[in-house]
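Okay, here's what each chain looks like letter by letter:
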Amino acid sequence: QLTMSLNSSTLLNEENTQEPKTNTECLESLELQIPSSFQDNPLQQLQLASQEVLEKAKKSGRSKCPRCNSSRMFYCYTCFVPVETVPTKEIPTVKLPLKIDIIKHPNETDGKSTAVHAKLLAPDDVTIYKYPCIPEYEEKRHEIALIFPGPNSVSVKDIAFHLQKYTKKGVCDSDDDCSREPLLKQAKIEPKEEKNPNECISSRKSEDTRLKKIIFIDSTWNQTNKIITDERLQGLLQIELKTRKTCFWRHQKGKPDTYLSTIEAIYYFLVDYHQEILKESYKGQYDNLLFFFSFMYTLIKNAKCCTGKE
């Protein structure tokens, strides 16, 4: 089975209660189901910004959200902002090569979703929607893909090839060769430099088959069917992530360790996209997407060691 974004979580099972819990109480109350890969800590090699701000916030305990005044740890998962003890200027920001839509199941607990990590760390490129309030994708399906395992799913390296077929169908409504005239007309944007018509066609085809947005589903596996069968998502290219293993501490019981949390799926997709599609060497450009995730991973791992449960 291919990886997909499934039940994700923040460090703490945070509820907006009148009596804020201490970090120790929250950690002890967690019912952790640790995947086999948890002990290996593959996150050690990440190139991350300093997490000192999170260390300080951890010692201070829960703090208020500057927007809704709810008591939270590190960030508010409903307002998508850091809490008062975590200055925004000390949180890294990541620029992504394409836009990301996250479709969150309405029954997915806000405090258990790592989708908010993506919004916090790449605010200009990430949008979170709560199902069923999602966009219409039909007219843009030639430049959008959905991360989801299925019989027709393709690998990241094959995205461009399959999007080209989507474009051809979108323009011609058939698998026959398209007339080149529409492409030539669209290519006449700037009259400053006259280009070879064939070069214009090639350039335009390249632009038409470029992925511009990727969609992730934030839900448990059992909740996914309602979203994936929505007519607004039909006909979209589906992509699989087969080779990655989760480090998520709320791994779903009975599911393979290739089922990733939402933020892991986003991160690993972007790494593959950078190498396979952009054809550039990866030098940690998106590592800070795991800024919160890696900190929580280490914190929980250490807590397990201290209690002798690891």
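The structure we're discussing is the one just above.
This section reports on the structure supplied with the text. Please read these numbers as outputs of a predicted model, since none were measured by experiment. Each chain carries its own residue numbering, running from 1 in the written order of its sequence. The predicted nature of this model means local features are confined to residues of pLDDT at least 70 and side-chain atom pairs, given and counted, to a pLDDT of 80 or more, with totals for whole chains, interfaces and linings taken over all residues. The side-chain quantities take in all heavy atoms of the structure and omit both hydrogens and water.

**Some words on the nonpolar core**
Step number 1: Counting 59 residues, the largest nonpolar core has Ile100, Ile214, Phe269, Leu289 and Phe292 as the members making the most contacts within it.
Step number 2: Secondary structure elements are defined from DSSP: runs of H or I of at least 4 residues count as helices, runs of E of at least 2 residues count as strands, and each element is numbered from the N terminus. Looking at this core, the element that brings in the most residues is helix α8 (residues 262-276), giving nine residues.
Step number 3: Only heavy atoms matter for contacts: two residues are in contact if any of them lie within 4.5 Å across the pair. When neighbours within four sequence positions are excluded, Ile214 is seen to be in contact with Leu98, Lys99, Ile100, Asp101, Ala145, Leu146, Ile147, Ile239 and Phe269.
Step number 4: Note on terminology: a nonpolar core comprises buried Ala, Val, Leu, Ile, Met, Phe, Trp, Tyr and Cys residues joined through side-chain atoms within 4.5 Å. For every residue, the accessible area (1.4 Å probe, protein chains only) is compared with the maximum for its type, and the residue is labelled buried under 20%, exposed over 50%, or partly exposed between those bounds. Ile215, Ile227, Leu233 and Leu236 belong to the second largest nonpolar core, which has 13 residues in total.

**Structural notes on helix α2 (residues 52-60)**
Step number 1: Regarding α2, the residues found buried are Val53, Leu54 and Ala57. End-on, the buried residues of α2 take up no more than an arc of 95°, which puts them together on one face. Picture the helix axis, draw a direction to every C-beta atom, and the arc is the one those directions span.

**Describing a negative patch on the surface**
Step number 1: Like charges within 9 Å and nonpolar side chains (Val, Leu, Ile, Met, Phe, Trp, Tyr) within 5 Å are joined into patches, using only residues over 30% in relative accessible area that form no salt bridge. Per-residue and other accessible areas were derived by the Shrake-Rupley procedure at a 1.4 Å probe size, with only the shown protein chains allowed to occlude residues. A side-chain nitrogen of Lys or Arg and a carboxyl oxygen of Asp or Glu constitute a salt bridge if their distance falls within 4 Å. By the counting rule applied here, Lys and Arg register as positive and Asp and Glu as negative, while His and the ends of each chain are not counted. Positions of charges follow a simple convention, taking NZ of Lys, CZ of Arg, CG of Asp or CD of Glu. A surface patch of negative charge is lined by Glu136, Glu138, Glu139 and Glu231.
Step number 2: Checked against the element boundaries, Glu138 lands in the loop between β7 (126-130) and β8 (144-147).

**A look at α8**
Structural remark: α-helix, 3.6 residues per turn; residues separated by three or four positions point the same way.
Step number 1: With 15 residues, α8 ought to run about 21 Å at 1.5 Å a step, and its terminal C-alpha atoms sit 21 Å apart, in line with that.
Step number 2: The buried count for α8 comes to 13 of 15 residues, which makes it a mostly enclosed element. Each helix should span, by expectation, one fewer than its residue count multiplied by 1.5 Å.

**Some words on the packing of aromatic side chains**
Step number 1: Between 30 and 60 degrees the pair is tilted, below 30 it is stacked and above 60 it is edge-to-face, where a pair is any two Phe, Tyr or Trp rings, Trp via its six-membered ring, whose centres lie within 6.5 Å. Across all of its chains, the model carries seven aromatic pairs by this definition.
Step number 2: Centre to centre, the rings of Phe74 and Phe295 are 5.6 Å apart; their planes meet at 90°, and the pair counts as edge-to-face. Of this pair, Phe74 sits in the loop between β3 (71-72) and β4 (75-76) while Phe295 sits in helix α9 (residues 291-306), and the two are 221 residues apart along the sequence.
Step number 3: Looking at Phe295, the relative accessible area reads 5%, which means it is buried.
Step number 4: These aromatic residues form a ring-pair network of at least three members: Tyr75, Phe291 and Phe292.
Step number 5: Positioned above the aromatic ring of Tyr77 is the side chain of Arg72, whose terminal nitrogen or guanidinium carbon lies 4.1 Å from the ring centre. A ring is considered to have a charge above it if a Lys NZ or an Arg CZ atom is located within 6 Å of its centre and within 35 degrees of its normal.

**Regarding the side chain of Lys104**
Step number 1: When you line up the elements, Lys104 lands in strand β6 (residues 99-104).
Step number 2: Between N or O atoms, a polar contact is any pair within 3.5 Å; within protein, one atom must be a potential hydrogen donor and the other a potential acceptor, and residues adjacent in sequence are included only when both atoms are from side chains. Reaching out from Lys104, the side chain makes a polar contact with the backbone oxygen of Glu108 at a distance of 2.5 Å.
Step number 3: Sequence-distant contacts of Lys104, defined by excluding residues within four places in its chain, comprise Thr109, Asp110, Ser113, Ile128, Tyr129, Lys130, Tyr131, Asp218 and Ile227.

**What to know about unusual backbone geometry**
Step number 1: Of note, the amide linkage connecting Tyr131 to Pro132 takes the cis form, showing an omega dihedral of 15°.
Step number 2: Take Pro132: it is sitting in the loop between β7 and β8.
Step number 3: At Phe74, a residue that is not glycine, the phi angle is positive and equals roughly 75°.
Step number 4: Taking the relative accessible area as the measure of exposure, Phe74 reaches 2% and is therefore buried.
Step number 5: Non-glycine residue Lys279 carries a positive phi angle of around 60°.
Step number 6: For Lys279, the location among the structural elements is in the loop between α8 and α9.

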